[in-house]
Amino acid sequence: MKKHTIVALMQDQPGALNRAVSLFRRRGYNIASLAVGHSETPGISRMTLVVESDDVEQVVKQLYRLIDVVKVSDVTDDPTVDREMALTKVHTTSATRAEIATLADIFDAKVVDVSTNTMIIEMTGTPAKVDNFVEVMRPFGIKEMMRTGRIAMVRGTNTHRGAEYVESNGHVATGAVLN
Amino acid sequence: MSEEKTGAQIMCEALIREGVEVMFGIPGGAIMPFYFAMWEYRDQLRHVLCRHEQGAGHAAEGYARSTGKVGVCIGTSGPGATNLVTPIADAMMDSTPLVAITGQVSSAVLGKDAFQETDITGITMPITKHNYLVKRIEDLPWVFKEAFHIASTGRPGPVLIDITKDAQQARMVPDWDVKLNLPGYKPNYQGNRKQVREAIRLLMSACKPLIMVGNGVIMSGATEELRALAERTGIPVITTLHGIGAFPEDHPLSIGMPGMHGWVHVNRAIQECDVLLNIGGRFDDRVTGKASTFAPNARVIHIDIDPSEIGKNVKVTVPIVGDARMVISALLEEMPDRSELATLHSHASDWMEHIREMQATHQHKQQYIARPDVPMYLPPHDVYAALTRIVNQHGNYRIVTDVGQHQMWAAQLIDWHRPRTHITSGGAGTMGFAVPAAMGAAIAHPDETIWAICGDGGFQMTNQELATIVQEGIKNVKVAIINNGYLGMVRQWQELFENKRYSGTPLSGPDFARLAEAYGVRGITVEHTDEVADAINTAYEYDGSVVIDFRVEREVNVFPMVPQGKSIGDMITESPIV
Ligand SMILES: Cc1ncc(C[n+]2csc(CCOP(=O)(O)OP(=O)(O)O)c2C)c(N)n1
Ligand SMILES: [Mg+2]
């Protein structure tokens, strides 16, 4: 099954996220990752969702249909910048501490907390690079880990902005996938 | 206008501003402030007290489906709200404009399992077009405005507004100067011209073209445009269950209903056609049968206002997102002159001749109406034969059907002519729809006769609304129960596919005529074919609502039939009672 990355802009309203996510639940699709936060436009949130499925076209159209959803794109095959952040709490001893710090450095990661037998490392990169980093840390003993899930943005001048939708006060063609 | 109002008064004024005249509901603790305020506005806002919130919801649907206006239903929090779930889901499936208003516990105790608290916005999220939880009085004006806008525009549907008790009780000077802020909602009405021309090119190249129409044609009021399109091109027209009435069945280009209980010649025509123009239908599986085998030779043009319907079940060559009426008008505008259409016309008329031949060899409607002459029992077909004759003599009628065999017979055996005269629960198939929906339609159209055709099963789900009918003085509901002593449609499947294991389908009931009389409406029992016409005429003559209990032959099947999951090319046509 193919992994799809879907980017959606939606009104920052109670229930909006719930409605969007429900469409995937209804079909029994598992959401591999989900990241939501503010976009460049006040009142508009941006969501990046990764889902494993062979057929997302229909769900993407149904996402469009939701009143809160302003724009949706399946950016899986577009050139994108993809990032994910992980916080990893690794077990350390006096013997391993230096080695772990060096490895973190190689991955451009930052040590953000140190205790007598742990270290928290902040790591940002493509999801693949984060995978890789996690594998490298595993032998030392990962005590805790949290990944944010992928966030994605299409490269170049193509924009996926909320502003144009909000400023025009509701007069934008949504669901314009076919026209 | 700078007077302070309660939230409940603001709700009433918002409803009046939206043009609401009647609402169907049942009060309770969390919605009491609204009922308190409603009293002051009772001259403008009629409230119909129903006997069950499901009935209130279906009544609002019947009102909406028969008028095109938004239907409004009301329930209190908790069980009042959950009782509305079925009609809300029904309205979602059939794109019925509905606003459901529910009371909610006070915001201070929200989420704390307060008495009669139910997360109704959570429950109805997947079965509403949109819903709102209102906790602040200042949100009421814009929420009502948005709710009615969303329910009635684009592809219509149900919107639920859940309002906490404290928001109803709070006071403020309402600010009615609210703008719609719906950046994510802009239905596309105007079809893309390029696609319209593409559609015409495809139609012009066809040898065996078909037009199939659904609910979208009725909702957009495209009946005249559709007729012009059919007549200009000479293309045969199919009406789906929800398309019934969009095109008069006595028109020479009308060929009838497709699908599970559609006519053989219609389904065969679909399987043979080379271009299929679907206007405002969603290729429901009851229409397509096994979708992968549907219309194997056809290139499909699909006009729908909802882009997520296009390509969902059937592969589409030319998609057009737009309102049926506007797109058909665009098709007519772009259509070449009569002379250029000559080839299409001659192909279409040869094709029509072929379809009529198929119709003559396979079952024709009349064959089902003509029953063997056995006076001892009452075949359901005799009831329909008399009904279609008598209601069309009187005119000015609508027929609401419930769900089951009687529903399919009604679709097949009654001659349908006008839009919004056939009202049924199609997408959800909700038993219990007909009596309350007929009541809603009767309130909207007091000068018409509103027939409800029910099974004995469905009638027993919501017949308590007969009490509402009496209390409201509604005189124009005439209920015909096709009483076969079974959950007939399920029994039919058991007979045909489960070796007659009638598990959970034999059904008893009270004496329906006496039950009707107990409610205060006229009750009539019919056991023989020769009493049918008299009973229907009596129902017309009687100045009040009527229930006729037609005790029909018990084990009659609806034919033709496409077994579930089979191709519409494989129909069962045999009738065991002949
Ligand atoms: C609320 C609900 N429950 C169950 C069903 C399943 N169902 C479909 S048709 C049918 C039989 C209906 O029996 P009746 O109302 O007597 O009509 P008949 O088929 O006999 O004409 C049933 C149980 C349904 N559609 N709706
Ligand atoms: Mg029955």
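Counting restarts for each chain, with residues numbered from 1 along the sequence as it is written. Here the convention is simple: chains get letters from A, ligands get numbers from 1, in the order in which they are written. Reporting of local features is limited, given that this is a predicted model, to residues whose pLDDT is at least 70; pairs of side-chain atoms are given and counted only at 80 or more, and all residues count toward the totals for whole chains, interfaces and linings. The side-chain values count all of the structure's non-hydrogen atoms but skip hydrogen atoms and water molecules.

So, the packing of helix α17 (residues 380–394) of chain B against helix α18 (residues 405–413) of chain B
Residues and elements named next belong to chain B.
So, point 1. Only the contacting stretch of a helix is used when fitting its axis, a line to C-alpha atoms as for every element, and angles between N-to-C directions run 0 to 180 degrees. Secondary structure follows DSSP: runs of H or I at least 4 residues long count as helices, runs of E at least 2 residues long count as strands, and numbering of each begins at the N terminus. Across the interface, α17 lies against α18 with an axial gap of 10 Å and an inter-helix angle of 45°. Here α17 lies oblique to α18, going by the angle between them. The chirality of how α17 crosses α18 is right-handed. Between α17, through P380, H381, Y384 and T388, and α18, the contact on the second element is made entirely by H406, W409, A410 and L413.
So, point 2. Put simply, Ala, Val, Leu, Ile, Met, Phe, Trp, Tyr, Cys and Pro go in the nonpolar bin, Asp, Glu, Lys and Arg in the charged bin, and everything else, Gly too, in the polar bin. Grouping the constituent residues of the contact of α17 with α18 by class yields five nonpolar, three polar and no charged. Oblique is the label for every angle not falling under 35 degrees (roughly parallel), over 145 degrees (roughly antiparallel), or within 65 to 115 degrees (roughly perpendicular). Crossings are classed by handedness, with left-handed meaning an anticlockwise turn of the near helix from the far one by less than a right angle and right-handed meaning a clockwise turn. We call two residues in contact whenever any of their non-hydrogen atoms come within 4.5 Å of each other.

A few points about the coordination of the magnesium ion (ligand 2)
All names here are of chain B.
So, point 1. Note that water is not among the atoms used; donors are N, O and S atoms within 2.8 Å of the metal (3.2 Å for Na, K and Ca), so sites may look incomplete. Surrounding the magnesium ion (ligand 2) are the protein donor atoms D456 (OD), N484 (OD1) and Y486 (O), at 2.0 to 2.1 Å.
So, point 2. One chain supplies every donor for the magnesium ion (ligand 2), spaced along it as D-x27-N-x1-Y. Taken together, the residues D456 in helix α20 (residues 456–462) and Y486 in the loop between β18 (477–483) and α22 (488–497) connect sequence positions 30 residues apart. Each member of the pair, D456 as well as Y486, is classed as buried. For every residue, the accessible area (1.4 Å probe, protein chains only) is compared with the maximum for its type, and the residue is labelled buried under 20%, exposed over 50%, or partly exposed between those bounds.

Comments concerning the environment of C12 of chain B
Residue and element names in this part refer to chain B.
So, point 1. Along the chain, C12 turns up in helix α1 (residues 7–17).
So, point 2. Classification of C12 by relative accessible area gives buried; the value is 0%.
So, point 3. In this structure the C-alpha to C-alpha distance between C12 and A348, which are 336 residues apart in sequence, comes to 55 Å.
So, point 4. With residues near it in sequence (within four places) discarded, C12 still touches F34, A37, M38, Y41 and L45.

Some thoughts on the sheet that holds strand β11 (residues 254–256) of chain B
Residue and element names in this part refer to chain B.
So, point 1. Within the open sheet, the six strands sit side by side as β11-β10-β9-β12-β13-β14. Their pairing is parallel. Among the strands making up the open sheet, the edge pair consists of β11 and β14 (318–321). Each strand of the sheet is rotated relative to its neighbour by a mean of 20°, with strand direction disregarded.
So, point 2. Of the pairings in the sheet, the one linking strand β9 (residues 209–213) to strand β10 (residues 237–239) comprises three bridges and is parallel in character. Following the sheet pairing, M212 is matched in β10 by I238.
So, point 3. Sitting on the sheet, helix α14 (residues 324–334) is in contact with β12 (275–279), β13 (299–304) and β14, with an inclination near 130° to β13. Strands pair, by our definition, only if DSSP identifies at least two bridges between them.

Some words on the domain arrangement of chain B
All names here are of chain B.
So, point 1. Boundaries between domains were set according to an automatic or database domain assignment. Taken domain by domain, chain B comprises domain 1 (5–172), domain 2 (193–364) and domain 3 (380–551).
So, point 2. Computed over C-alpha atoms only, the centres of domain 1 and domain 3 are separated by 29 Å.
So, point 3. Buried area: the accessible area, evaluated with a 1.4 Å probe, that two parts lose upon being put together, summed over both parts. A buried area of about 2000 Å², summed over both sides, lies between domain 1 and domain 3, and 56% of it is on carbon and sulfur atoms.
So, point 4. Counting the surface domain 1 buries against domain 3, the share from its top three residues, R51, R65 and S66, is 31%.
So, point 5. Note on definitions: salt bridges are taken to be side-chain nitrogens of Lys or Arg within 4 Å of carboxyl oxygens of Asp or Glu. Across the pair R46 and E472 runs a salt bridge, and its minimum N-O distance is 2.9 Å.
So, point 6. Distance and chemistry together define a polar contact, namely a pair of N or O atoms within 3.5 Å, with one atom able to donate a hydrogen and the other to accept it when in protein, and with adjacent residues in sequence counting only for side-chain atoms on both sides. Linking domain 1 with domain 3 are 13 residue pairs in polar contact (both at pLDDT 80 or more), by the criterion used here.
So, point 7. Of all the elements in the fold, those that place two or more residues in the side of domain 1 that touches domain 3 are β2 (22–25), β3 (46–49), α3 (53–67) and α5 (85–93).
So, point 8. If one sorts the elements of the side of domain 1 that touches domain 3 by residue count, α3 sits on top with eleven residues.

What about the pattern of salt bridges?
Once the charged atoms of two side chains with opposite charge are near each other, the side chains can pair.
All names here are of chain B.
So, point 1. Overall, the coordinates contain 35 salt bridges over all chains when judged by the stated rule.
So, point 2. Here R136 and E138 are joined by a salt bridge, their closest N and O atoms 3.8 Å apart.
So, point 3. Relative accessible area serves as the criterion here: at 45%, R136 is assigned to the partly exposed category.
So, point 4. Given the relative accessible area of 40%, E138 is considered partly exposed.

Things to note about unusual backbone geometry
Residue and element names in this part refer to chain B.
So, point 1. Omega for the bond connecting F559 with P560 falls within 30 degrees of zero, at 0°, which places this linkage in the cis form.
So, point 2. Positioned with a positive phi, S95 is a non-glycine residue whose angle comes to about 50°.
So, point 3. Among the secondary structure elements, S95 is positioned in the loop between α5 and β5 (98–104).
So, point 4. You will see that N499, though not glycine, has its phi angle at about 55°, which is positive.
So, point 5. Turning to its location among the elements, N499 is positioned in the loop between α22 and α23 (512–519).
So, point 6. You can call N499 exposed: its relative accessible area is 74%.

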